[in-house]
Structures are given as structure tokens and as C-alpha cells.
Amino acid sequence: MKKKIDRCGIILAGGSGTRLAPITQSISKQLLPVYNKPMIYYPLSTLMTAKIRNILIISDPKNINLYKDLLGNGKHIGIKLNYKVQKKPRGLSEAFVLGKKFIGNRKVVLILGDNIFYGDNLKEKLIKAASSNENIIFGYRVKDPQRYGVAKINKKGRLESIIEKPKISPSNIAITGMYFYNNDVVKKVTELKYSKRGELEITDLNNIYIKNNNLNLYTLGSETAWLDTGTFQSLSDASMFVMAIENRTGKLVSSPEKISYLNKWINKKQLLSIAKSYKNDYGEKLNIIDENY
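Residues numbered from 1 in each chain as written. Predicted model: local features only at pLDDT ≥ 70, side-chain atom pairs only at ≥ 80, totals over all residues. Heavy atoms only, no water.

### Considering the overall build of the protein chain
Each helix and strand counted, the protein chain has 11 helices and 13 strands in total. Against the globule reference of 19 Å for 293 residues, the protein chain gives a C-alpha radius of gyration of 19 Å, in line with a compact fold. Structurally, the protein chain occupies a C-alpha span of about 55 × 50 × 40 Å along its principal axes. In the protein chain, of all internal contacts separated by at least 6 residues, the share reaching a separation of at least 24 is 75%. Summed over all atoms, the accessible surface of the protein chain reaches about 15000 Å², with 50% contributed by carbon and sulfur. Counting 48 positive and 25 negative side-chain charges, the protein chain places the centres of these two groups 5 Å from one another. (Helix = DSSP H or I, 4+ residues; strand = E, 2+ residues; numbered from the N terminus. Rg over C-alpha atoms; globule rule 2.2 N^0.38 Å. Contact = heavy atoms within 4.5 Å. Areas by Shrake-Rupley, 256 points an atom, 1.4 Å probe, with all protein chains shown as cover. Lys, Arg positive; Asp, Glu negative; His and termini not counted. Charge placed at Lys NZ, Arg CZ, Asp CG, Glu CD.)

Listed below in C-alpha cells is the structure:
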């Protein structure tokens, strides 16, 4: 029997959200609604789809208690949630510094709180990555790669480096905000130096792995949607996308409660009890018991 790999998850839900001001003046970006649910439900659902049950949520001092009020300890949806304060936004890689004790001896996946993934075969890809001994990042072809960290591919088709927001892009493959690492990431992050903007950059961390020939890039195809909700337009687009899918299928997109039920972490009675607590369309869709969800 194949040995189960122990992997935990981290959701980074900090940052100042300046691109979404003034709506982020009083609340964390990842608590804003994307159609009918808080933004953080989407990365949380992605981790749960990968069968990850131990999750750390990192946010700023102002908003951390709002996440605790929203999600609690996660017991009601069959998971275990922990929380950690990031006093200032000092880079994505700082998640591994702040989460060192939480990670312990486990492998880890970091997902950004404003990233949404949806599509056919995504569940299989996530479970495969979560159970792998490889370090894995996901790429996605975009029309505006200058906004992202971009993969530079050599003539042999191998990942040569990642370039952060290049003026002239070496490819159209953007690196998404989801990173699967072995436990050595806790040590690797200590090799980083703070960048000019005072952050521990995830691109620098990934380039260390690439230099050691120890990072695999998997590019998601057109059957998968990757949505980055960091601007007014992309936030609106994401809401419209989710609304269209849900109205067409009658099923919820990225529902932690429904995913927990399908993972057999909660039973039918527990799911229906949660559904009853919502006196709206969300609750009605939770009531739909579909094993092929």
C-alpha cells in the first residue's frame, strides 16, 4: 500500500489590498465577496479538494479575528484551522517563517488567499500534487504576463528561471499562487535575503529550487480557469464567472461544506444542518446531495 504523504496547507490572507482601495480600507481583501461567498472560501476549498485537512491562515493583526469569527477552528467542516498574525506584509515566502512551528516535519502547500482555481480534472491534479514527493508549481498561459512572475523555458523545454514582472516577457506562462514544497522549504527560506521592497520574495525561493534542479512546473490547460482577484475588474469578472457556473449547473463552486461532505469528513446529517442555517440560495444549493458534484 502506498504510504500517505503528510502535507499541511497555508493560506496567506494578508497584504494591504491597495489595488482595491477604498473597499479594502476597513476589511481584508480576502473577506470580500466573490459572488455568494467570501473570497477565502475559494483557496480553502482548493486545499480541501486536495484532501488537506490541517490548514494555517495567516493574516494581519486587524483582520485575524474576523477570519476566526468566520471559520472558527474548522471542526464543523471536518478540518483543523490554525491562525497566525503577519504584522506587516513582508513577502509570500515569510509564510514559511511564520508557519515553521505549524509545518513541523510535514510537507506543505502555500496558496494565496486571492487565487481561484476551477475546472475539469482539477481535483485529480491537486490530489496528485499533494501526494507527490516533488516540489511543484503551476503555470497558466495569460495574455498579460508582465503582471506576474513568468516562466523562462530553455530550448530543451525545461524551466530555466522565473522572472518577476518582466518588461519583455520570455513566455506567456504566468506562475499561479499555489506552491507545493517538501519540508526542506523551511530551511530553504532562510537562504533568502529581503528584496529592495523589503520582502522575502517567492520568486527568489523558486529560483533557488530551480538552480538545484528541484522544481517542477505543470502548466494548466484551457480546461482549467485561474482567476486572480487583485483588481476591480478581475474581482468583478470572478464574481460573474462563479455566478454563471452556479446558475447554469445549479451547484456551488468552491463550497467548503460540500467538499467536506464529498470527502466524507462530515456526514449527510451535518451537511443538511449547515444548509438549514442559511436562509438563502446558498443553503438551497447545499441541500442538493449529488455524489458526482
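Following the structure, the description resumes.
### Quick look at the nonpolar core
Of all hydrophobic cores here, the largest spans 46 residues; its most connected members are Leu44 and Phe180. Setting aside residues up to four positions removed in sequence, Phe180 forms contacts with Arg7, Val108, Val109, Leu126, Ala129, Ala130, Glu134, Asn135, Ile136 and Phe138. By size, the runner-up hydrophobic cluster in this structure holds 31 residues, among which are Ile10, Leu56, Phe96 and Val189. (Core = buried A, V, L, I, M, F, W, Y, C linked by side-chain atoms within 4.5 Å. Buried < 20%, exposed > 50% of the residue type's maximum accessible area, 1.4 Å probe, protein only.)

### Some words on the pattern of salt bridges
The final tally for this structure, using the stated rule, is 11 salt bridges. Across the salt bridge formed by Lys29 and Asp114, the nearest N and O atoms sit 2.9 Å from each other. With a gap of 85 residues between them, Lys29 in the loop between strand E1 (7-12) and strand E2 (33-34) and Asp114 in the loop between strand E6 (107-112) and strand E7 (115-119) connect regions that are remote in the sequence. In this structure, Lys29 and Asp114 share a single accessibility class: buried. In the salt-bridge network here, residues are joined through shared partners; they are Lys37, Glu246, Asp281 and Lys285. (Salt bridge = Lys/Arg side-chain N within 4 Å of Asp/Glu carboxyl O.)

### Quick word on the layout of surface pockets
Taken as a whole, the largest pocket spans an internal volume of roughly 980 Å³. Lining the largest pocket are 39 residues, and of these Arg19, Leu92, Leu112, Asp114 and Arg197 lie nearest its centre. Examining the composition of the lining of the largest pocket, we find that four residues originate from one element, strand E11 (residues 173-181), more than from any other. The residue makeup of the lining of the largest pocket, split by class, is 12 nonpolar, 16 polar and 11 charged. (1 Å grid on protein atoms, 1.4 Å probe; cavity = no way out; pocket = protein on both sides within 12 Å on 5 of 7 lines; lining within 4 Å. Points joined across faces, edges and corners; volume = space filled by probe spheres on them. Nonpolar A, V, L, I, M, F, W, Y, C, P; charged D, E, K, R; others polar.)

### Things to note about the environment of Gly91
With respect to the helices, strands and loops of the structure, Gly91 is situated in the loop between strand E5 (80-85) and helix H3 (94-98). The exposure class assigned to Gly91 is buried, which follows from its relative accessible area of 7%. Along the primary structure Gly91 and Gly14 are separated by 77 residues, whereas in three dimensions their C-alpha atoms are 9.8 Å apart. In this view, Gly91 contacts Leu12, Gln86, Glu199 and Leu200; residues no more than four positions away in its chain are not counted.

### A short note on the pairing of E6
Along E6, six of the six residues are buried, which leaves the element largely enclosed by surrounding structure. Residues Lys107, Val109 and Ile111 point to one face of E6 and Val108, Leu110 and Leu112 to the other, with burial holding for every one of them. Across four bridges, E6 lies against E11 in antiparallel orientation. When the sheet's bridge partners are listed, Leu110 is paired in E11 with Tyr179. (Pairing = 2+ DSSP bridges.)

### Quick word on the pairing of strand E13 (residues 224-228)
Most of E13 is tucked away: five of the five residues are buried. Alternating residues of E13 divide into Thr224, Trp226 and Asp228 and Ala225 and Leu227, and every residue in both groups is buried. As paired strands, E7 and E13 are joined by five bridges and run antiparallel to one another. Across the sheet, residue Gly119 finds its bridge partner in E13, namely Thr224.

### Details of the environment of Leu126
Within the secondary structure, Leu126 sits in helix H5 (residues 122-130). Separated by 74 residues in the primary sequence, Leu126 and Ile52 place their C-alpha atoms 10.0 Å from one another.

### Focus: the packing of aromatic side chains
Scanning the model with the defined rule gives nine aromatic pairs in all. The interplanar angle of 45 degrees and the centroid separation of 6.5 Å between the aromatic rings of Phe138 and Tyr218 together place this pair among those described as tilted. Placement of the pair is Phe138 in strand E8 (residues 136-141) and Tyr218 in strand E12 (residues 216-220), with a sequence separation of 80 residues. On the accessibility criterion, Tyr218 (38% relative accessible area) is partly exposed. Pairing Tyr179 with Tyr181 gives two aromatic rings, centres 6.4 Å apart and planes at 5 degrees, and the pair type is stacked. Tyr181 matches Tyr179 in its accessibility class, with the two residues each being buried. An aromatic cluster of at least three residues, connected via ring pairs, comprises Phe96, Tyr179, Tyr181 and Tyr209. Stacked on the ring of Phe102, the Lys or Arg Arg106 has its end atom at 4.9 Å from the ring centre. (Phe/Tyr/Trp six-rings, centres within 6.5 Å; stacked < 30°, edge-to-face > 60°. Lys NZ or Arg CZ within 6 Å of the ring centre and 35° of its normal.)

That is the geometry; function is a separate question.
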